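Coordinate inspection notes
Take a look at the letters that make up each chain.
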Amino acid sequence: MHYYRYSNAEVSCWYKYLLFSYNIVFWLAGVAFLAAGLWAWSEKGVLSDLTKVTGLHGLDPVVLVLLVGIVMFTLGFAGCVGALRENICLLKFFCGAIVFIFLLELAVAVMAFLFQDWVRDRVKEFFENNIKSYRDDIDLQNIIDSLQRINHCCGAQGPEDWDFNIYFNCNSDSKSREKCGVPFSCCIPDPAQKVVNTQCGYDIRKKSKNQWEDQIFVKGCIHALEAWLPRNIYIVAGVFIAISLLQIFGIFLARSLISDIEAVKASNAF
């Protein structure tokens, strides 16, 4: 008499499709980021002339959008396909990448807390470099304007930092009408004025500093951000914890599915 042994071992559908659902969101978000970044580059003509990226001394925000999109697309794709096809290599890649990103975020947070002066100097240097390129990229210009307008600040340390930009520099030989002025986002808004006056910062730094406070923000954006952080520490901590929990949940799902697949393969090998 012959006996046949049928293996009923199967991979858990809960882990499999929960991980797939988890990753499909990130994959679609990655596609959206990539599409938005490529569209922004096409509008600026970068796709036809890539030297426009290398020629910008400051940060092109589109590059950051594209990098985020590439990472999210890659990890989402690896997680989705790895879960559906029960591919251990893709799942281990996804899990390892999430662990690396989580540890990198943790290291950056610890370093920022321990070396605050060094971080402050790097932020100052970064802001000054972007001030130099203020008129070179419309996306960078909009970000700086939004930062100054929302935080009621001007420049990195103060309005004098706009001397780093050739168009606003007081001592240059430039014939720019903006010479010795500041961008309109540095101006104190007039509640009665419905239309934004983009020329409100013209020639303001030719006046004495005592007159600045009546027309423009005199606090630097670094000091404004330093004051903003303690007031919103719970929001920042909440966002960091939420992102960390999502990453830990993804790692748990991937590790559980990997263990499940390995157990099924070991069971079916006998």
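Residues numbered from 1 in each chain as written. Predicted model: local features only at pLDDT ≥ 70, side-chain atom pairs only at ≥ 80, totals over all residues. Heavy atoms only, no water.

1. A short note on the overall build of the protein chain
Tallying secondary structure elements over the protein chain gives nine helices and zero strands in all. Order of helices (α) and strands (β) in the protein chain, N terminus to C terminus: α-α-α-α-α-α-α-α-α. Rg of the C-alpha trace for the protein chain: 26 Å, well past the compact-globule value of 18 Å for 270 residues, more than 25% over. The burial tally for the protein chain puts 34% of its 270 residues in the buried class. When the accessible surface of the protein chain is totalled, it reaches about 17,000 Å², and 66% of it is carbon and sulfur. (Helix = DSSP H or I, 4+ residues; strand = E, 2+ residues; numbered from the N terminus. Rg over C-alpha atoms; globule rule 2.2 N^0.38 Å. Buried < 20%, exposed > 50% of the residue type's maximum accessible area, 1.4 Å probe, protein only. Areas by Shrake-Rupley, 256 points an atom, 1.4 Å probe, with all protein chains shown as cover.)

2. Thoughts on the UniProt feature "transmembrane region" (unreviewed entry) in the protein chain
Within the UniProt annotation, "transmembrane region" (unreviewed entry) is assigned to residues 20-42, 62-84, 91-115 and 233-254. For residues 91-115, the helix share is 96%, the strand share is 0%, and the end-to-end C-alpha distance is 36 Å. Annotated as 100% helix and 0% strand, the span residues 233-254 places its first and last C-alpha atoms 32 Å apart. (UniProt positions renumbered as here; feature names shortened; annotations may be inferred.)

3. Considering the packing of helix α1 (residues 13-44) against helix α9 (residues 233-268)
At a minimum axis distance of 9 Å, the contact between α1 and α9 shows a crossing angle of 145 degrees. For the pair α1 and α9, the sense of crossing is left-handed. On α9, the residues that touch Tyr 15, Lys 16, Leu 18, Leu 19 and Tyr 22 of α1 are Leu 246, Gln 247, Phe 249, Gly 250, Phe 252, Leu 253, Ala 254, Ser 256, Leu 257 and Asp 260. For the contact of α1 with α9, the per-class residue count stands at 10 nonpolar, three polar and two charged. (Axes fitted to C-alpha atoms, helices over the stretch in contact; angles between N-to-C directions. Left-handed = near helix turned anticlockwise from the far one by under 90°. Contact = heavy atoms within 4.5 Å. Nonpolar A, V, L, I, M, F, W, Y, C, P; charged D, E, K, R; others polar.)

4. Let's talk about the packing of aromatic side chains
Scanning all chains against the criterion turns up eight aromatic pairs. Centre to centre, the rings of Tyr 22 and Phe 26 are 5.2 Å apart; their planes meet at 50 degrees, and the pair counts as tilted. Taken together, the residues span about one helical turn, with Tyr 22 and Phe 26 both in helix α1 at a distance of four residues. Both rings, one in Tyr 134 and one in Phe 168, keep their centres 6.0 Å apart while their planes meet at 65 degrees; by these two values the pair is edge-to-face. (Phe/Tyr/Trp six-rings, centres within 6.5 Å; stacked < 30°, edge-to-face > 60°.)

5. Overview of helix α5 (residues 116-132)
Here α5 spans 24 Å end to end across 17 residues, near enough to the 24 Å set by a 1.5 Å rise per residue. What α5 keeps buried is the set Phe 127, Glu 128, Asn 130 and Ile 131. Relative to the axis of α5, the buried residues are bounded by an arc of 160 degrees and lie together on one face. The elements touched by buried residues of α5 are α6 (138-151) and α8 (221-231). (Expected span 1.5 Å × (residues − 1). Arc of directions from axis to C-beta.)

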